[in-house]
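Here's the letter readout for the chains.
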Amino acid sequence: MPEYSFSPTGAKFKLPDPEDYLKEFNRLKEVVSKQRTLGREIVVVLGVGFVGAVMAAVVADAQDGNGNPSKFVIGMQRPSARSYWKIPLLNLGIPPVSSEDPEVPLMINRCVNEKKTLTATFTHDALKLADVVVVDVQCDYLKESLGNVRNGRADMEALEESLEIIGQNISPETLVLIETTVAPGTTEQVAYPIIKKMFRKRGIERDPLLAHSFERVMPGKNYVASIRDFWRVCSGVNEEATRSVVKFLKEVINTEKYPLTVLDRPIESETAKIVENSFRATILAFLDEWSLFAEQNGVDLIKVINAIKVRPTHSNMIFPGPGIGGYCLPKDGGLGLWAYRHIHGFEDDIFKITPMAIDINDTRALHVAQLTRDALRNMGRPIASAEILVLGASYREDVGDTRYSGSELIVRRLTEMGAELKVHDPYVGHWWEFEKQDEYPASSHSLKKFFRGQEKLKDLRVEQDLNKTLNGADAVIFTVRHKHYLNLDPDAVVKSAGGAIAVIDCFGILDDEKIRRYFELGCEVKGLGRGHVKRIKDQVRLKTQSGEPPGLRTED
Ligand SMILES: NC(=O)c1ccc[n+]([C@@H]2O[C@H](COP(=O)([O-])OP(=O)(O)OC[C@H]3O[C@@H](n4cnc5c(N)ncnc54)[C@H](O)[C@@H]3O)[C@@H](O)[C@H]2O)c1
């Protein structure tokens, strides 16, 4: 029985048969020998996911001082049913990731079809042809309970497997650059011994040429620039490795404008990534308690933050929205905690703020379910069997990345409470976290296990027609600041819904004028960190029910 891999748009690709591997390796050998005659270095990027696919294109687009392509890139990807489709798509010049950055499809098409400096493959034999290997496979952190990052562990399986395969295949002089965010200590204490052991098995006496340099990619409007035109930190396991990684990065990214920071040891580069993201997670988590304070005391936290941000020392304050999703911030601090014990062998418990921040961020979205319940109750509608529309599945604005988005938790909790959920997102075709919740992101990773009554969510489909989806909704939850939602007219929303609705603003999407209008239309409005909505509601009531003083209503 042939097995197939389906792309997010539903395109079907047959997985390779055993006899396809030799054919594929022969194809690569032929291409590579031509590329070598053109003086190009051969770079294999392992893992063509969110980071690897665009990094591969950035390297393939690099040119020498004469404006000629200097690298030939092979994107290598496991041919699993979940991921194989990325290979044939890339080979057509189509990005396997969706993005708001128009440079992503242009660059991938240019490198594959015009410059012919980029190809993708499923065979690990590609590693035999590499001068440089860039590792962009995932290294997950598995959480065993919701809101307790300490109860979890690093999942190094894919990374360790990749390192073994690298050690079995590369030539001894190949530079291996780990870009994956790893538990600090991994390059020297996990990767180095694995590759060295494989080298010794092959009778290679040389030590591996190994380095670490983490990615700061943001898959949004500046996707390509966040890889190519941005500051990098790097470090090698020895002087030769450091020299090689500096040379490579200088050839492929814009280090003239964004100078490299070279650290003494890979553990410092690895720690820089974890601290950078833990810092960000912490400043976001810190605002959660002030968000609750604001809701209970008539304060609009959005205006408060804007007032503070004018002070240059505080300009990086950001409103946390319904939790902090994305692949990195929810897990990276966990990799640090885990490394302290399981790589470095310490028994004491030095971490307080980092795990607390992650736990706060991981559960912040649950409060949205409470706001929705309360708003509906104020309208005399029970949450059970209410029709609720979530506007935005992805974790940040104007991208199609749903990984660990706050919206997922909102949908799961409200489903548990008996509501009927609908979702709209112009950037997301399929919300695999639900459609394939038994196996995506992996069988043990799904957040499904923390909630009851989740089976029906397999049938949840992401709607694209906003007006149609609004029809019949009892509540609408604005979860993400997608540009499509910023200027929605309250009159039009209520008309499409067919009557007054509960409106929940999770991300400061509604200005005061819109909030007022929703109240005038008979709606109920609540928002994360937006305690001032009660004041607006009272003003509207005062106007319509003359004589009733503000502040006497008790249902809030
Ligand atoms: N996504 C981001 O915004 C971002 C930002 C900065 C850093 N990072 C880090 O970059 C790394 C990669 O993240 P990502 O978002 O690209 O993950 P991803 O899951 O999108 O991609 C990883 C890819 O590696 C493939 N893979 C796994 N094992 C393999 C193997 N043995 N051989 C070949 N391919 C294999 C997977 O199939 C997948 O396509 C992670 O460490 C992440 O923390 C990600």
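Let me sum up the structure you'll find in this document. (Residues numbered from 1 in each chain as written. Predicted model: local features only at pLDDT ≥ 70, side-chain atom pairs only at ≥ 80, totals over all residues. Heavy atoms only, no water.)

**So, a negative patch on the surface**
Thinking step 1. Residues E157, E160, E161 and E164 make up a contiguous surface patch of negative charge.
Thinking step 2. When you line up the elements, E157 lands in helix α5 (residues 157–169).
Thinking step 3. The exposed category is assigned to E157, whose relative accessible area is 62%. (Patch = residues over 30% accessible without salt bridge, like charges linked within 9 Å, V, L, I, M, F, W, Y side chains within 5 Å. Areas by Shrake-Rupley, 256 points an atom, 1.4 Å probe, with all protein chains shown as cover. Salt bridge = Lys/Arg side-chain N within 4 Å of Asp/Glu carboxyl O. Lys, Arg positive; Asp, Glu negative; His and termini not counted. Charge placed at Lys NZ, Arg CZ, Asp CG, Glu CD. Helix = DSSP H or I, 4+ residues; strand = E, 2+ residues; numbered from the N terminus. Buried < 20%, exposed > 50% of the residue type's maximum accessible area, 1.4 Å probe, protein only.)

**Considering the pairing of strand β16 (residues 475–478)**
Thinking step 1. Side chains A475 and I477 of β16 all project onto a buried face; the interleaved residues V476 and F478 project onto the opposite face, where all are buried too.
Thinking step 2. Sheet topology note: the strand β13 (residues 387–391)/β16 ladder contains four bridges and is parallel. Each residue of the ladder has a partner; that of L391, found in β16, is F478. (Pairing = 2+ DSSP bridges.)

**Things to note about the site of the ligand**
Thinking step 1. Surveying the vicinity of the ligand reveals 26 residues, the closest of which are V51, Q77, K86, T181 and R403.
Thinking step 2. Measuring from an oxygen atom of the ligand, one finds a side-chain N or O atom of S83 at 3.1 Å.
Thinking step 3. For the ligand, an oxygen atom lies 3.4 Å from a polar atom in the side chain of Q138.
Thinking step 4. Burial of the ligand by the protein chains amounts to 96% of its free accessible area of 830 Å².
Thinking step 5. A total of three residues in the shell around the ligand trace back to one element, the largest contributor, which is α5.
Thinking step 6. The residue inventory of the shell around the ligand, partitioned by class, reads nine nonpolar, nine polar and eight charged. (Near = heavy atom within 4 Å. Polar contact = N/O pair within 3.5 Å; in protein donor to acceptor, adjacent residues only side chain to side chain. Nonpolar A, V, L, I, M, F, W, Y, C, P; charged D, E, K, R; others polar.)

**A closer look at the packing of helix α13 (residues 366–378) against helix α14 (residues 406–416)**
Thinking step 1. One can describe the packing of α13 onto α14 by two numbers: an axis separation of 8 Å at closest approach and a directional angle of 50 degrees. Considered as vectors, α13 and α14 are oriented oblique to each other. The interaxial crossing formed by α13 with α14 has right-handed handedness. Contacts between α13 and α14 involve L366, V368, A369 and T372 from the former and L409, I410, R413 and L414 from the latter.
Thinking step 2. Within the contact of α13 with α14, the residues separate by chemical class into six nonpolar, one polar and one charged. (Axes fitted to C-alpha atoms, helices over the stretch in contact; angles between N-to-C directions. Parallel < 35°, antiparallel > 145°, perpendicular 65-115°, else oblique. Left-handed = near helix turned anticlockwise from the far one by under 90°. Contact = heavy atoms within 4.5 Å.)

**Some thoughts on the environment of K458**
Thinking step 1. Relative to the helices and strands, K458 resides in the loop between α15 (432–435) and β15 (462–463).
Thinking step 2. A relative accessible area of 27% places K458 in the partly exposed class.
Thinking step 3. Sequence separation of K458 and Q437 is 21 residues, and the distance between their C-alpha atoms is 6.8 Å.
Thinking step 4. If we ignore the near neighbours within four places in the chain, the residues touching K458 are F434, E435, Q437 and D438.

**A closer look at the packing of aromatic side chains**
Thinking step 1. Enumeration according to the criterion identifies 10 aromatic pairs in this entry.
Thinking step 2. An angle of 90 degrees between the planes, with centres 5.9 Å apart, marks the rings of Y340 and F351 as edge-to-face. A residue pair is termed long-range when its members are at least 10 positions apart, and Y340 in helix α11 (residues 332–342) and F351 in the loop between α11 and α12 (353–363) qualify at 11 residues.
Thinking step 3. By way of ring pairs, the aromatic residues Y21, Y84 and F122 are connected into one cluster.
Thinking step 4. If you follow K12 out to its NZ or CZ, it ends over the ring of Y4, 4.3 Å from the centre. (Phe/Tyr/Trp six-rings, centres within 6.5 Å; stacked < 30°, edge-to-face > 60°. Lys NZ or Arg CZ within 6 Å of the ring centre and 35° of its normal.)

**A few points about the sheet that holds strand β17 (residues 502–505)**
Thinking step 1. Taken in spatial order, the six strands of this open sheet run β15-β14-β13-β16-β17-β18, and their pairing is parallel. Every interior strand has two partners, whereas the edge strands, β15 and β18 (524–527), have only one.
Thinking step 2. In terms of strand pairing, strand β14 (residues 420–424) meets β15 through two bridges, oriented parallel. Among the inter-strand pairings, H424 is bridged to a residue of β15, identified as E463.
Thinking step 3. Across the sheet, α13 lies against β13, β16, β17 and β18, angled at about 160 degrees from β18, the strand it touches most.

**Notes on the nonpolar core**
Thinking step 1. Ranked by internal contacts, the top residues of the largest apolar core, which has 65 residues, are I388, L414, I477, F478 and Y518.
Thinking step 2. Excluding its chain neighbours within four sequence positions, the residues that come into contact with I388 are T372, L376, I383, L414, A419, E420, L421, K422, A475 and I477.
Thinking step 3. Among the nonpolar cores identified, the runner-up in size contains 48 residues, and A60, C111, A120 and V224 belong to it. (Core = buried A, V, L, I, M, F, W, Y, C linked by side-chain atoms within 4.5 Å.)

**Considering the sheet that holds strand β10 (residues 209–212)**
Thinking step 1. Across the sheet, which stays open at both edges, the eight strands sit in the order β5-β4-β3-β6-β9-β10-β11-β12 with mixed pairing between neighbours. Taken across any chain shown, the strands that pair with only one partner, and hence form the sheet edges, are β5 (118–121) and β12 (261–262).
Thinking step 2. Of the pairings in the sheet, the one linking strand β3 (residues 41–46) to strand β6 (residues 132–135) comprises four bridges and is parallel in character. Paired with V44 across the strands is V133, a residue of β6.
Thinking step 3. Along the sheet, helix α1 (residues 18–37) makes contact with β3, β4 (71–76) and β5, crossing β5 at roughly 160 degrees.

**Thoughts on the pattern of salt bridges**
Thinking step 1. Tallied over the entire structure, the rule returns 47 salt bridges.
Thinking step 2. When the shortest N-O distance is used, the salt bridge between R232 and E179 registers 2.9 Å. Residue R232 is located in the loop between α7 (223–228) and β11 (233–236), and its partner E179 is located in the loop between β9 (175–178) and α6 (186–201); the two are separated by 53 residues in the primary sequence.
Thinking step 3. With a relative accessible area of 3%, R232 lands in the buried category.
Thinking step 4. Judged by its relative accessible area of 2%, E179 falls in the buried class.
Thinking step 5. Note that R216 is salt-bridged to E276, the shortest N-O span being 2.7 Å. Of this pair, R216 sits in the loop between β10 and α7 while E276 sits in helix α9 (residues 266–296), and the two are 60 residues apart along the sequence.
Thinking step 6. The structure contains a network of salt bridges with shared partners spanning D300, K303, D505, D512 and R530.

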